[in-house]
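# Observations on chain architecture
Spelled out from the first residue to the last, the chains are:
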Amino acid sequence: MKNIIKSVTLILAMTMLPQTAVNAQEKNIATQATHYNTIKVNGLNIFYREAGNKDAPTLLLLHGYPTSSHMFRNLIPILSKNYHVIAPDLPGFGFSDAPDHLKFEYTFDNLANIMQGFIDVLGLKRFAVYVFDYGAPTGYRLALANPEKITGIISQNGNAYEEGLSTGWNPIQKYWKDPSQTNRDALKDFVSKESTWFQYHEGASDASLIAPETYTLDQYFLDRPGNIEIQLDLLKDYRTNVALYPKFQAYFRDQKPMTLAVWGSQDPYFLPAGAKAYKLDNPNASVKFYKTGHFALETHYKEIGADILLFLSKLPK
């Protein structure tokens, strides 16, 4: 009987929490929830995901090809418990505007310009940045322009060294050297559903962990009318990223930002050598490999999330 009375008393105590405690709990749940927003930047609607306490240190997540901020769907809940997390869709990707390539110049300089406008509109003063694939040359342009804003860098298969480029780039490099219509047309298969499926599955440690909605959603956006020309324009302009590698590397040497490279070691496009090279230029860089492919978050988001939390805890506020 005494045990029953104790149990009832405990239940009543729990249901009669002070209103301040209830409000705090509700606020905590609200900040950890992911919010889906759109803002206008230089005339374009830019979609972004946001979670976490806005008073906490900020982390900007920049996706790559052919995905969107959807790639961070599993990572955001892990990080937003302690950090303010923002993940936009680049122009031409996901739920952001994708104007015709004849009306909007799809270059990495322009993607960075839009992201500069994005952080300006949101008033981001200090933040760490997570870069992946196309997000790397975009994010590193932001770092060059705003070194005072960057508290740290997380590069997940985000390349900045020529030794990181695999032979999978050969057809694209051929197009850089000779931007003929024939060489451009030869790259159209790169935007096919077979290629998208390959990017997700090649090198993956466990293909059963890759959610089919990932590559299905990506392909839906790739198949929009006119989008193939957008992607071919960006493939052509990627040569400007390689040309900027020396400047990115000089930034790593001069600024020595705290850097964590989390790398799928079996990526068919960006080789482990590209990850290891960060340590050659920056004594504050560390590298962690995971036995998986290009989209490492699909198979290792828990491990990567834990490593990122440890890294972020060491950054200056």
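Scroll up for the structure.
Everything in this summary refers to the structure shown in the same document.

Reading the values: rules and limits
- Residues numbered from 1 in each chain as written.
- Predicted model: local features only at pLDDT ≥ 70, side-chain atom pairs only at ≥ 80, totals over all residues.
- Heavy atoms only, no water.
- Salt bridge = Lys/Arg side-chain N within 4 Å of Asp/Glu carboxyl O.
- Helix = DSSP H or I, 4+ residues; strand = E, 2+ residues; numbered from the N terminus.
- Buried < 20%, exposed > 50% of the residue type's maximum accessible area, 1.4 Å probe, protein only.
- Pairing = 2+ DSSP bridges.
- Contact = heavy atoms within 4.5 Å.

### A word on the pattern of salt bridges
A pair can form between side chains of opposite charge whenever their charged atoms are brought close. For the structure shown, the criterion picks out seven salt bridges. Between Asp-109 and Arg-141 there is a salt bridge, and its shortest N-O distance comes to 2.7 Å. Taken together, the residues Asp-109 in helix H4 (residues 108-122) and Arg-141 in helix H5 (residues 135-145) connect sequence positions 32 residues apart. When its relative accessible area of 10% is taken as the criterion, Arg-141 is described as buried. Linking Arg-253 and Asp-281 is a salt bridge whose minimum nitrogen-to-oxygen distance equals 3.0 Å. Of this pair, Arg-253 sits in helix H10 (residues 227-255) while Asp-281 sits in helix H11 (residues 272-281); the two residues are 28 residues apart in sequence, bridging distant segments of the chain. The exposure class of Asp-281 is buried, given its relative accessible area of 14%. Connected through shared salt-bridge partners, Arg-184, Glu-229 and Asp-233 make up one network.

### Considering the pairing of strand E2 (residues 44-51)
Counting buried residues along E2, seven of its eight residues qualify, which places the element largely inside the surrounding structure. Relative to E2, strand E1 (residues 35-41) is paired through seven bridges, and the arrangement is antiparallel. Residue pairing for E2: Ile-39 is matched across the bridge by Ile-46. Count of turn residues in the E1/E2 antiparallel hairpin: two residues, of which Asn-42 carries a positive phi of about 50°. In this structure, E2 lies alongside strand E4 (residues 84-88), joined through four bridges in antiparallel fashion.

### So, H5
Of all 11 residues in H5, nine are buried; the element is thus mostly enclosed. Where H5 is concerned, the buried positions are Gly-135, Ala-136, Pro-137, Thr-138, Gly-139, Tyr-140, Arg-141, Leu-142 and Ala-143. Turning to H5, the residues buried within the fold contact strand E3 (58-62), H4, strand E5 (127-131), strand E6 (150-155), H10 and H11.

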